[in-house]
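# Chain and residue survey
Listed here are the chains, written in short residue letters.
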Amino acid sequence: NALAETLLHAMVAAAKADGHIDADERARILGRLSAIGMSSEDTAFLEAELASPVDIERIVRAARTPEVAAEVYAASLLAITPDAPAERAYLDLLAARLGLDPGLKGELEAAVAANAAV
């Protein structure tokens, strides 16, 4: 499904923001996929995505509605812990390119942080 692929692209792009995908980020992505019943085709798609360069424009173009834009941003947050300046800069750029309201951006960040703390 197109939305699932877009969310996966967003998660992988966020994880690549600092130049590499660490074990924790990879586990987060795989954990989200296994929670929804990842197939062998999904695994192959993920491996191809991990090997591909980041294309933020493709992600932004796929977010055709404000609701999808919010989902894309939330998926990106779920994939990483933005503890490096490059990750924070990527998330800020993504939010701006998606046209997210700063208040909504903050709400999404708080919701994901609260979810991670549980």
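What comes next is a walk through the structure. (Residues numbered from 1 in each chain as written. Predicted model: local features only at pLDDT ≥ 70, side-chain atom pairs only at ≥ 80, totals over all residues. Heavy atoms only, no water.)

Once that is clear, we can look at the environment of Leu46. Locating Leu46 in the fold gives a position in helix H3 (residues 40–51). Distance in space between the C-alpha atoms of Leu46 and Glu5 is 9.4 Å, their sequence separation being 41 residues. In this view, Leu46 contacts Leu8, Val12, Ile29, Leu30 and Leu33; residues no more than four positions away in its chain are not counted. (Helix = DSSP H or I, 4+ residues; strand = E, 2+ residues; numbered from the N terminus. Contact = heavy atoms within 4.5 Å.)

Bringing the nonpolar core into the picture now. Core analysis: the largest hydrophobic core is formed by 34 residues, its most contacted members being Ile29, Val72, Tyr73, Tyr90, Leu94 and Leu98. Those elements giving two or more residues to this core turn out to be helix H1 (2–16), helix H2 (23–35), H3, helix H4 (56–62), helix H5 (66–79), helix H6 (85–98) and helix H7 (102–117). Top element by residues in this core is H5. It accounts for 9 residues. For Val72, the residues in contact, after removing those within four places along its chain, are Thr6, Leu7, Ala10, Ile59, Ala63, Leu94 and Leu98. (Core = buried A, V, L, I, M, F, W, Y, C linked by side-chain atoms within 4.5 Å. Buried < 20%, exposed > 50% of the residue type's maximum accessible area, 1.4 Å probe, protein only.)

Applying the stated rule across the entire model yields 8 salt bridges. Arg58 serves as the salt-bridge partner of Glu49, at 2.9 Å between the closest nitrogen and oxygen. Glu49 gets classed as buried once you look at its relative accessible area, which sits at 8%. Judged by relative accessible area, which is 30%, Arg58 ranks as partly exposed. Across the salt bridge formed by Glu109 and Lys105, the nearest N and O atoms sit 3.5 Å from each other. Here Lys105 and Glu109 lie together in helix H7, a separation of 4 residues that amounts to about one turn. Given a relative accessible area of 22%, Glu109 falls into the partly exposed group. A network of salt bridges, in which partner residues are shared, links Arg88, Asp92, Lys105 and Glu109. (Salt bridge = Lys/Arg side-chain N within 4 Å of Asp/Glu carboxyl O.)

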